[in-house]
Amino acid sequence: MLDNVILIVFAMISVALLLNLWCLLRGPSLPDRLLALDTMYINSIALISLYGLLMRSWLYFEAAVLLAMLGFVSTVAICKFLLRGDIIE
């Protein structure tokens, strides 16, 4: 039963990723595109975690944590670039 639920949620998050991609490509402004990219990071973390549950392996959860750190740092760097014009002061 849990495997069926995981597959259904996997499909729902995949649809959410496609909608985020559409928003990323068609966003009206740059901050909206940045928000769509950040949401894509979160959805991809959820997909990796679900795949780890499905395969019953802890390795995928470590990959999800690594992607979360990368997503956070890149979002902060892009926001800083948008606000100040440079990343390192």
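Structure's up top.
Anyway, here's the lowdown on the structure attached to this text. Since we're looking at a predicted model, the values are computed, not measured.

## Focus on the overall build of the protein chain
Alright, step 1. What the protein chain contains, in helices and strands, is three helices and zero strands.
Alright, step 2. For a compact globule of 89 residues, the expected C-alpha radius of gyration is about 12 Å, and the protein chain comes in at 15 Å, more than 25% above that figure.
Alright, step 3. Within the span of the protein chain, comprising 89 residues, buried residues form 21% of the whole.
Alright, step 4. Total accessible area on the protein chain is roughly 6,600 Å²; 76% of this is exposed by carbon and sulfur atoms.
Alright, step 5. Averaging the positions of the 5 positive and the 6 negative side-chain charges in the protein chain gives two centres separated by 6 Å.

## Thoughts on the pattern of salt bridges
Alright, step 1. Evaluation of the coordinates by the stated rule reveals one salt bridge.
Alright, step 2. Between Arg56 and Asp3 there is a salt bridge; the shortest N-O distance is 3.9 Å. Remark: Asp3 occurs in helix H1 (residues 2–26) and Arg56 occurs in the loop between helix H2 (30–55) and helix H3 (59–84); sequence separation between them is 53 residues.
Alright, step 3. Look at Arg56 and you get exposed, because its relative accessible area is 65%.
Alright, step 4. On the basis of relative accessibility, which here comes to 32%, the residue Asp3 falls in the partly exposed class.

## Remarks on the packing of aromatic side chains
Geometrically, a pair of aromatic rings is defined through the distance of the ring centres and the angle of the planes.
Alright, step 1. In the structure shown here, the tally under the stated rule is two aromatic pairs.
Alright, step 2. Each ring, one from Tyr51 and one from Tyr60, has its centre 5.0 Å from the other, and the planes form 90 degrees; the classification is edge-to-face.
Alright, step 3. On the basis of relative accessible area, Tyr51 is assigned to the partly exposed category, the value being 33%.
Alright, step 4. Residues Trp58 and Phe61 carry aromatic rings whose centres are separated by 5.5 Å and whose planes lie at 55 degrees to one another, so their mutual orientation is tilted.

Cut-offs used in this document
Residues numbered from 1 in each chain as written. Predicted model: local features only at pLDDT ≥ 70, side-chain atom pairs only at ≥ 80, totals over all residues. Heavy atoms only, no water. Helix = DSSP H or I, 4+ residues; strand = E, 2+ residues; numbered from the N terminus. Rg over C-alpha atoms; globule rule 2.2 N^0.38 Å. Buried < 20%, exposed > 50% of the residue type's maximum accessible area, 1.4 Å probe, protein only. Areas by Shrake-Rupley, 256 points an atom, 1.4 Å probe, with all protein chains shown as cover. Lys, Arg positive; Asp, Glu negative; His and termini not counted. Charge placed at Lys NZ, Arg CZ, Asp CG, Glu CD. Salt bridge = Lys/Arg side-chain N within 4 Å of Asp/Glu carboxyl O. Phe/Tyr/Trp six-rings, centres within 6.5 Å; stacked < 30°, edge-to-face > 60°.

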